[in-house]
Amino acid sequence: MTTETERIVTANSPDRINFTEMYVTHDGFRRDLERLAAAASAGRADSPQVREGWETFKRQLHVHHTVEDEWLWPKLRQRVAGRPDDLALLDAMEAEHSVIDPHLEAVDAAMARRDPDLTAKVEELRAGLDGHLSHEETDALPLIQQVMTPKDWAGFRGAMARKQKLGGAAEWVPWITDGMSPADAGKWLRRMPPPLRLLNKVSWEGRYRKRNLWSW
Ligand SMILES: [Fe+2]
């Protein structure tokens, strides 16, 4: 497994896709589920900040998977037409997304009932999501690198930005840097367009920190 630092590649090269935003977003999902698991096993999943952390996680996951399902996988499907093994991988990506939803619902239901089973439900979600993210990183990203271009990838990032809108970006940017070392956060923020970086500095970051997500 690469380290987080290696997952943040500052410079974009003209002939290779830079997957930094995919990696740091996946790491954000893993980080949040680790925090949820810790709160659940301590019996503190009722904390309002844990609940808000969970809602934030679900919102960011929904945006991420929706844009992959609506933009990325269909585009990739066109590029690998006639290649059965690659098409099977895309079928797997879509199938893995669809099994995450029942896990999210099971966690929601266990939280609502204050069910002692919550810890087990969180672990099932973690296993399902981590398995999917790792599969995507190991097999789908290399395929994307092979058959798509940096310009295609800019299209995907544009679709993500349109889905998030400015309000979603206001949450996504500080959510990404949450828990990163200051060096990695600075390195990653330099990839953001200057206006977003400025907005984050003067407003988004402070607002996000005040929410104190996942504290209990
Ligand atoms: Fe992804």
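Residues numbered from 1 in each chain as written. Predicted model: local features only at pLDDT ≥ 70, side-chain atom pairs only at ≥ 80, totals over all residues. Heavy atoms only, no water.

S.K.: I keep staring at the coordination of the iron ion and nothing clicks. Help me out?
M.R.: In an ideal octahedron of six donors the angles at the metal are 90 or 180 degrees, and in an ideal tetrahedron of four donors they are 109.5 degrees. Protein-derived coordination of the iron ion comes from Met22 (SD), His26 (NE2), His64 (NE2), Glu68 (OE) and Glu136 (OE), at a distance range of 2.0 to 2.8 Å. Donor residues for the iron ion, ordered by position in the chain, follow M-x3-H-x37-H-x3-E-x67-E. Of this pair, histidine 26 sits in helix 2 (residues 20-41) while glutamate 136 is found in helix 5 (residues 118-147), placing the two residues 110 residues apart along the sequence. Here histidine 26 falls in the buried class, since its relative accessible area comes to 0%. For glutamate 136, a relative accessible area of 0% puts it in the buried group. (Donors = N, O, S within 2.8 Å, 3.2 Å for Na, K, Ca; no water. Helix = DSSP H or I, 4+ residues; strand = E, 2+ residues; numbered from the N terminus. Buried < 20%, exposed > 50% of the residue type's maximum accessible area, 1.4 Å probe, protein only.)

S.K.: Looking at this structure, how should I read helix 7 (residues 182-189)?
M.R.: A turn of α-helix holds 3.6 residues, and therefore any two residues three or four places apart point the same way. Every buried residue of helix 7 is listed here: Asp184, Ala185, Trp188 and Leu189. Looking straight down helix 7, one finds its buried side chains confined to an arc of 130 degrees; they lie on one side. In helix 7, the exposed residues that point more than 90 degrees away from the buried face are Pro182 and Ala183. (Arc of directions from axis to C-beta.)

S.K.: Looking at this structure, how should I read helix 2?
M.R.: Helix length check: helix 2 (22 residues) gives 32 Å between terminal C-alpha atoms against 32 Å at 1.5 Å per residue, within 8%. Of all 22 residues in helix 2, 17 are buried, a share of seventy percent or more. Once helix 2 ends, the next one or two residues include glycine 43, with phi positive near 70 degrees. (Expected span 1.5 Å × (residues − 1).)

S.K.: Could you clarify how one ought to interpret the packing of helix 3 (residues 48-79) against helix 6 (residues 150-177) in this entry?
M.R.: Helix-helix packing is described using two parameters, namely the angle between the two axes and the distance between the axes. Across the interface, helix 3 lies against helix 6 with an axial gap of 10 Å and an inter-helix angle of 175 degrees. Here helix 3 is positioned roughly antiparallel relative to helix 6, judged by the angle of their axes. Judged by residue contacts, Thr56, Arg59, Gln60, Val63, His64, Thr66, Val67, Glu68, Trp71, Leu72, Lys75 and Arg79 of helix 3 engage Asp152, Trp153, Gly155, Phe156, Ala159, Met160, Lys163, Gln164, Gly168, Glu171, Trp172 and Trp175 from helix 6. Its residues placed into classes, the contact of helix 3 with helix 6 shows 10 nonpolar, 7 polar and 7 charged. (Axes fitted to C-alpha atoms, helices over the stretch in contact; angles between N-to-C directions. Parallel < 35°, antiparallel > 145°, perpendicular 65-115°, else oblique. Contact = heavy atoms within 4.5 Å. Nonpolar A, V, L, I, M, F, W, Y, C, P; charged D, E, K, R; others polar.)

S.K.: Please explain the confidence of the model for the protein chain as it appears in this structure.
M.R.: Do not read the predicted coordinates in detail wherever pLDDT is low. On average, residues of the protein chain score 95 in pLDDT, and 98% of them reach the 70 mark or higher. Confidence, read as mean pLDDT per element, is least for helix 1 (residues 4-7) in the protein chain (60) and greatest for helix 2 (98). (pLDDT = per-residue confidence, 0-100.)

S.K.: I tried to follow the pattern of salt bridges on my own but got confused; where do I start?
M.R.: Side chains carrying opposite charge are able to pair once their charged atoms draw close together. Taken as a whole, this structure holds 24 salt bridges when the rule is applied. Between arginine 157 and glutamate 21 there is a salt bridge, with its nearest N and O atoms 3.4 Å apart. Separated by 136 residues along the polypeptide, arginine 157 in helix 6 and glutamate 21 in helix 2 bring together distant segments of the chain. Of the residues examined, arginine 157 reaches a relative accessible area of 30% and is grouped as partly exposed. One salt bridge in this structure joins glutamate 52 and arginine 211, with 2.8 Å as the shortest N-O distance. (Salt bridge = Lys/Arg side-chain N within 4 Å of Asp/Glu carboxyl O.)

S.K.: I keep staring at the packing of helix 2 against helix 6 and nothing clicks. Help me out?
M.R.: At a minimum axis separation of 12 Å, helix 2 and helix 6 run at an interaxial angle of 40 degrees. Here helix 2 is positioned oblique relative to helix 6, judged by the angle of their axes. Our pair here, helix 2 against helix 6, has a crossing hand that is left-handed. In this structure, helix 2 uses Glu21, Met22, Val24, Thr25, Gly28, Phe29, Arg31 and Asp32 to contact helix 6, whose residues at the interface are Trp153, Phe156, Arg157, Trp172, Trp175 and Ile176. (Left-handed = near helix turned anticlockwise from the far one by under 90°.)

S.K.: It is not clear to me how the environment of alanine 39 should be interpreted in this structure. Could you clarify?
M.R.: The residue alanine 39 is located in helix 2 in this model. Those residues within four positions of alanine 39 in sequence are excluded, and the remaining contacts are Arg44, Ala45, Val50 and Trp216.

S.K.: Where do I start with the packing of aromatic side chains in this structure?
M.R.: Note on aromatic pairs: each is described by the distance of the centres and the angle between the planes. Applying the stated criterion across every chain, the model contains 7 aromatic pairs. Their ring planes at 90 degrees and their centres at 5.8 Å tell us that phenylalanine 29 and phenylalanine 57 sit as a pair that is edge-to-face. Residue phenylalanine 29 is found in helix 2, and its partner phenylalanine 57 is found in helix 3; the two are separated by 28 residues along the sequence. Of the two residues examined, phenylalanine 29 and phenylalanine 57, each falls in the buried class. The ring of tryptophan 175 is capped by arginine 31, whose NZ or CZ atom sits 4.9 Å from the centre of that ring. (Phe/Tyr/Trp six-rings, centres within 6.5 Å; stacked < 30°, edge-to-face > 60°. Lys NZ or Arg CZ within 6 Å of the ring centre and 35° of its normal.)

S.K.: Before we go on, may I ask you to explain the nonpolar core in this structure?
M.R.: Nonpolar side chains tend to gather and get buried jointly when the protein is soluble and globular. One finds Leu36, Trp54, Phe57 and Trp188 to be the most contacted residues of the largest nonpolar core, which totals 38 residues. Within the residue set of this core, elements represented by two or more residues are helix 2, helix 3, helix 4 (84-112), helix 5, helix 6, helix 7 and helix 8 (194-211). Among the elements that take part in this core, helix 2 stands out by supplying 7 residues, more than any other. Among residues more than four places away in sequence, those in contact with tryptophan 188 are Ile8, Thr20, Glu21, Val24, Trp172, Val173, Ile176, Thr177 and Met180. Counting 22 residues, the second largest nonpolar core, distinct from the first, contains Val67, Val80, Met148 and Trp153. (Core = buried A, V, L, I, M, F, W, Y, C linked by side-chain atoms within 4.5 Å.)

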